[in-house]
Amino acid sequence: MAASSRKPLPVDRLAAALKANTLVRILEDFEQRFPDAHLKDLVVDDVRGEREILVAGRWVTNFGSDSFLGLDRDPRVLAAIRSGVSRWGSHNGTSRAFSSVQSNAIAEDRLAAWLGVESTLIYPSVTLTNHGAIPGLVGRKDVVVMDELAHNSMQEGAKLAQAAGARLATFPHNSPEGLEDALRKLRPYRLALICVDGVYSMGGDLARLAELRQVGAARDGVLYVDDAHGTGVIGSHGRGTVLDALGDYDNTLIVGSLSKAFSCAGGFIGCSATLKKLLKIRSNTYIFGGPVVPAYLDAICEVVSILESTEYDRLRGRLTAHIERLTRELEALDLVVSGGAAPIVSVLIGDEADTLRAGRFLFDRGYYVQSVLFPAVPYHGGVLRIQCNANHSEDAIDGLASAFRALCSSKIQIPRRSDRRGWGAAALEKVAAYCAEKLVG
Ligand SMILES: Cc1ncc(COP(=O)(O)O)c(C=O)c1O
């Protein structure tokens, strides 16, 4: 029977139902209205040199990589992966609940020594760290309290904890007073797990860790910091935001990424040896899923050696110089630029269509940056997100700045810092109301 004449199967109805979902409709609408400018779901056909990628027949400089220190092209990291594959084969083939390769134990010890924590436990990604550790740490008598802008992977981890009986609440972004208020309303509870990002990747702002920890400690709260964007690029020797802000890890659990600045694969939690043992028993993503491929664990050790050496300051210095050079140029164009500690510079465009067109404009001039739209940012709060890497050339930074100069003279509407029309409190309120309505739908 022809597919069109048969009765729809439940699986067809499933797809139809999903297409009616608000978020799907919004994203499909963007895709249909701006097929040329969309630049999502890209296929990279080749890479060359340090940071060039081939997309749709065009070589462009990639300003969309989290490989902040450029270690994805480092010969020592690549050699460690090759020798790891020769030694261990292509994968481990079992959950770590049964066995781990020796490199896993070594990598965890090396990470702990570099950070200055007692122990670390590696998971296959930061997402799976948060999905395993958050529900693993709390029980029915506990609460999870989350910054309202905390990364999606923590929010999803918290929902798993909620399904197992923990209560869940949010507090206003980066507000110690808001946290205090939320904790007061949640009483009584046994313990509160306070989940925040170390660096907020869309705005580039840092969590107010010292004040948040103080509020938590006075109210039976433990601070849980997802420092994915800080790992390897913030703080002395790239140890992240926590040690610099707090001076120690007391009453604080730190989660880090092994795939962004580390350019390897995986995520980890830094904690006491006791908690590590307990998390091995209580984290479902550790027990029921496979581990990081062994060769990458050898590469992680190689990256730790680089971070511990004096080379780190050289790499970070180069990255800082790039960020400062680019930010100076963009601010001189009167653009609305955000970012700071993290190697991510965001330029506000606002309107969705303009954000996509602006991304395409830069792409056509040889530079790929990410056009970030709702729901990753508020509706009508579209940004061009630029990720600087230490192995970008100065020419690439200057070239991107001059492409932005051309963009400012184009027909695309680009908001300027000195012209806040449309970006007053009323507009922001409208955005918040829209998000509240659409995200519920
Ligand atoms: C704060 C934060 N947590 C978690 C993740 C997800 O990391 P992974 O790709 O290792 O799952 C990201 C990715 O951007 C992130 O920014």
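Residues numbered from 1 in each chain as written. Predicted model: local features only at pLDDT ≥ 70, side-chain atom pairs only at ≥ 80, totals over all residues.

Regarding helix 7 (residues 176-186)
The line we're drawing: Exposure is read from a count of other C-beta atoms within 10 Å of each residue's own; the residue is exposed at 12 or fewer, buried at 20 or more and partly exposed in between. C-beta atoms are placed from the backbone. Secondary structure elements are taken from DSSP: a helix is a run of H or I of four residues or more, a strand is a run of E of two residues or more, and numbering for both begins at the N terminus. What the arc covers is the set of directions going from the helix axis to the C-beta atoms. Think of it this way: build a C-beta for each residue from its backbone, and any pair within 7 Å is a contact.
Looking only at helix 7, the buried set comprises L179, A182 and L183. Taken end-on, helix 7 shows its buried residues confined to a sector of 95°, consistent with a single buried face. Opposite the packed face of helix 7, turned more than 90 degrees from it, sit the exposed residues E177, R184 and K185. Buried residues in helix 7 make contact with strand 5 (143-147), strand 6 (167-171), strand 7 (192-197), helix 8 (209-217) and strand 8 (221-226).

Comments concerning the sheet that holds strand 13 (residues 367-368)
This is how the line gets drawn: A strand pair is defined by DSSP finding two or more bridges across the two strands.
Ordered in space as 1-2-3-13, the four strands form an open sheet in which the pairing is mixed. Of all strands in the sheet, those bounded by a partner on one side alone are strand 1 (44-48) and strand 13. Here strand 2 (residues 52-55) pairs with strand 3 (residues 58-62) via four bridges, running antiparallel. Counterpart to L54 in the pairing with strand 3 is W59.

Concerning helix 15 (residues 394-408)
We count it as follows: For a helix, the expected span equals 1.5 Å multiplied by the number of residues minus one.
Helix length check: helix 15, at 15 residues, gives a terminal C-alpha distance of 21 Å against a target of 21 Å (1.5 Å per residue), a fit within 8%. Listed as buried for helix 15 are A396, I397, L400, F404 and L407. The buried residues of helix 15 occupy an angular sector of 105° when the element is viewed end-on, so they sit on one face. Set apart from the buried face of helix 15 by more than 90 degrees, the exposed residues are E394, D395 and A406.

So, the domain arrangement of the protein
Selection rule: What counts as a domain boundary in this text is fixed by an automatic or database domain assignment. Throughout, the ten residues Ala, Val, Leu, Ile, Met, Phe, Trp, Tyr, Cys and Pro are labelled nonpolar, Asp, Glu, Lys and Arg are labelled charged, and all others, Gly among them, are labelled polar.
Structurally, the protein comprises domain 1 (32-62 + 312-440) and domain 2 (75-308). Look at where the C-alpha atoms of domain 1 and domain 2 centre, and you get two points 28 Å apart. Contacts between the two partners involve 13 residues from domain 1 and, on the opposite side, 15 residues from domain 2. At the level of secondary structure, the elements contributing two or more residues to the side of domain 1 that touches domain 2 comprise helix 13 (311-332), strand 11 (337-339) and strand 12 (344-350). For the side of domain 1 that touches domain 2, the class distribution of residues is eight nonpolar, four polar and one charged.

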